[in-house]
Number of protein chains: 2
Amino acid sequence: MPIDGPLLEQRLDELYAIGAEPDGGAYRPLYGPAWATAVERVERWLKDAGLKTRRDAVGNLWGRVEGTDKGKSIVTGSHIDTVRRGGRLDGALGIVAGLTAVEALLEEKGKPRRTLEVVAICEEEGSRFATNFWGSRAIVGAIDAVDGDMAVAMRERGLDPSRISTAARDDIDTFVELHIEQGAVLDASGKPLAVVSAIVGTAHLEVDVTGRPDHAGTTPMGLRQDALAGAAAMIQAVESIARSLGAPAVATVGKIRAEPDQINVVPARVVFTIDLRHSDLNARRALEERIRSLCHTIASERSLALEVRVLQEKPPVPMHPDVRSVLASAAKELGAQASEMVSGAGHDAQVLAARCKVGMLFVPSIGGRSHCPEEATKAEDVALGTKVLMRSLQKIAY
Amino acid sequence: MPIDGPLLEQRLDELYAIGAEPDGGAYRPLYGPAWATAVERVERWLKDAGLKTRRDAVGNLWGRVEGTDKGKSIVTGSHIDTVRRGGRLDGALGIVAGLTAVEALLEEKGKPRRTLEVVAICEEEGSRFATNFWGSRAIVGAIDAVDGDMAVAMRERGLDPSRISTAARDDIDTFVELHIEQGAVLDASGKPLAVVSAIVGTAHLEVDVTGRPDHAGTTPMGLRQDALAGAAAMIQAVESIARSLGAPAVATVGKIRAEPDQINVVPARVVFTIDLRHSDLNARRALEERIRSLCHTIASERSLALEVRVLQEKPPVPMHPDVRSVLASAAKELGAQASEMVSGAGHDAQVLAARCKVGMLFVPSIGGRSHCPEEATKAEDVALGTKVLMRSLQKIAY
């Protein structure tokens, strides 16, 4: 296969240098100068590869090569924004691999039967505003309103907020994305590649525990209604329930605050969050139900008041069986040891699934590190993932 | 006995009105306008009762009646500052009861054999600066340095920071203080009065737990080093060890913070505090040792790094046996059902114990409430406590 491994690495290095931060990592927030420079760089690569480029109304960059047949497009790519102190591969890999694969296909196979497109999605991370999946939501026509700060940022980049609806596409057949795993499952298993079966559903809960503020010295243990001791029991329960359900169930208490948060006062109130994920909606609901039930039991035993609020709820998104099958076959044909796994993180594919067939390939994250300067994948795995992506695109588009 | 119950309540009401806050409670921070007004009010009462008044270099207010014998003074009183949204009785009761008791003694018994003094201690609560026991520390000559903000506040009140050492006294024989319990032990037992046997020793620890930040979606439960899940297990251990040791052991986790404190990131670091108290130094050390040991076990099982820092360590202070004996006899002579108990809170008596014999009497806090507008004691218990204080002062000074 004509995938140029060193070229892939060089392009990843070039993108990583754009928005480099003094203490490591890169930051390319939506519509910022680093973001704009990165989009221009990708556009030049796309043009050099012979693709026709355009920007849509939210700043997604598209590179297109017309197929000999009319019909919907086969699209690959990923997002170009990054979190603060982001790594070298998250998003960038899917763009670089996609354009390099299409470039190689055009060189080797010539004009495709079906139209091929490479997309650099403007934003997925909520890198600047709390607008995760901004680019893919525009593509599926799911943006109803633009708030003031976003409108200003768009205009500064020459984009017209009133034209957002024109970014919507209904002519995409398939979207396939190469991404790093962002977890340690592949790295731990020694497998170089995984076909994603589904993207987990996520529920975000906020748990509000109310007890009574008491003097830490004068209140015997038996007369307390300690909100933090109760919350600690609940946090233990969250962990043990998720462990007992087994993979792919995960539950995380990420944020916590106590009131009055004084060293010598028994906490009167604790608020903490729970992030719950599972690839099966019923299983995730069962996980949530068991956690809620045990939290209520703990609160009741300790005479604490409890309120559980749902902050966000997203259903799991299965990857399309046709795309999974193509990806698995391509890997097999190339002799790659591919496993199958659930994505615990969210990706643009889950949004685009509303309008087209979607599929994803994962390559390992060394040590599971992501969203940090240590984010890394072996060059041979990057090349292998790109080859499997290329072979898959060939199987669909040629 | 000639203690005027309604006058006690009226004086407590008058003090409580000084520094009243819009949403309930009173706030009289050190050297503030409400504090100054309260000191002036008490000074007028002392003068009206026939005591000679003076302010020392840190603003402690002393009212004195010379005894017929020469010799060291017998002192009663408490602190005049309050916490924010403080209650009606904390500190104020000891001042009002002390001056009302001495006033009644002078009326009934005339000039004492030993010199009697009533003191309104300027600060005990750390009400304005982190300077707890400022007034009593000045009395025992334990203030070495004055920081800039404090010096400015002193000068604004006409006090000269360079003269602080002149506030030190070595001519006090006995200090006896009436105070509210601030816990629910007396209220739960139905007893109206307690002689304090000791003031607990306190250790303040800061526990620093370090794990690894991981993506909440992509990191299976078994691959995590979750600092908050570990901290929750430790907080549970703190509570259960204190419970299992039994009263008067108490242990409280009052402050907690997580990093990065994001809903979708496994916490990398958690810092929490432990407040440990016991009236017996060896028992408190045993409590601390068991907690440290279990925290290390939990950290080790979970591959977390652990550091435990001592922020503060105060030994328990036993009340002087002579004063305890006088207080118990006085209660018995008045037919009062007095129990004996350990003070879980700190009081000026523990500082003054370095220079004189100390003793304390507690009256019940209804529902154990303190440091809040709900702080209350039945008028009959306030009057009884004052009568026992008066009888005790009579036994010592006449």
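Residues numbered from 1 in each chain as written. Chains lettered and ligands numbered in written order. Predicted model: local features only at pLDDT ≥ 70, side-chain atom pairs only at ≥ 80, totals over all residues. Heavy atoms only, no water.

All right, on to the pairing of strand 16 (residues 357-363) of chain B then. Residues and elements named next belong to chain B. Within strand 16, six of the seven residues are buried, leaving the element largely enclosed by the surrounding structure. Alignment of strand 5 (residues 172-180) against strand 16, held across seven bridges, turns out to be parallel. Looking at strand 16, one finds that His179 is bridged to Phe362. Summarising the sheet, strand 6 (residues 193-199) and strand 16 pair through two bridges and their orientation is antiparallel. When the bridges of strand 16 are listed, Ala194 appears paired with Phe362. (Buried < 20%, exposed > 50% of the residue type's maximum accessible area, 1.4 Å probe, protein only. Helix = DSSP H or I, 4+ residues; strand = E, 2+ residues; numbered from the N terminus. Pairing = 2+ DSSP bridges.)

The next point concerns the packing of aromatic side chains. Describing an aromatic ring pair means giving the distance of the ring centres and the angle of the ring planes. As enumerated under the stated definition, the model contains two aromatic pairs over all chains in all. Relative to Trp35 of chain B, the ring of Tyr31 of chain B has its centre 5.1 Å away and its plane inclined at 85 degrees; by these criteria the two rings are edge-to-face. Taking the relative accessible area as the measure of exposure, Tyr31 of chain B reaches 3% and is therefore buried. Using a relative accessible area of 1% as the deciding quantity, one classes Trp35 of chain B as buried. The ring of Trp62 of chain A carries Arg169 of chain A above its face, with NZ or CZ at 4.5 Å from the centroid. (Phe/Tyr/Trp six-rings, centres within 6.5 Å; stacked < 30°, edge-to-face > 60°. Lys NZ or Arg CZ within 6 Å of the ring centre and 35° of its normal.)

Time to look at empty space enclosed by the protein. All told, the structure shown has three cavities of 30 Å³ or more when counted by the stated rule. In this structure, the largest cavity spans a volume of roughly 80 Å³. What lines the largest cavity is simply Met221, Arg224, Asp226, Leu228 and Ala229 of chain A together with Ile235, Val238, Glu239, Arg243, Ala251, Thr252 and Val253 of chain B. Mapped onto the lining of the largest cavity, the elements with two or more residues apiece are helix 7 (227-245) of chain A together with helix 7 (227-245) and strand 9 (250-252) of chain B. Tallied by class, residues from the lining of the largest cavity come to seven nonpolar, one polar and four charged. Estimates place the volume of the second largest cavity at around 40 Å³. For the second largest cavity, the full set of lining residues is Ile235, Val238, Glu239, Ala251, Thr252 and Val253 of chain A together with Asp226 and Ala229 of chain B. The set of elements that each furnish at least two residues to the lining of the second largest cavity consists of helix 7 and strand 9 (250-252) of chain A. In terms of residue count, helix 7 of chain A provides more of the lining of the second largest cavity than any other element does, three residues in total. (1 Å grid on protein atoms, 1.4 Å probe; cavity = no way out; pocket = protein on both sides within 12 Å on 5 of 7 lines; lining within 4 Å. Points joined across faces, edges and corners; volume = space filled by probe spheres on them. Nonpolar A, V, L, I, M, F, W, Y, C, P; charged D, E, K, R; others polar.)

Structural alignment of chain A on chain B gives an RMSD of 0.3 Å, achieved by rotating through 179 degrees and translating 0.3 Å along the axis. Both chain copies can therefore be described as sitting about a two-fold axis. In terms of C-alpha distance to the rotation axis, chain A has Ala232 of chain A as its closest residue, with the C-alpha 2.2 Å off the axis. (Least-squares fit on C-alpha atoms with pLDDT ≥ 70 in both.)

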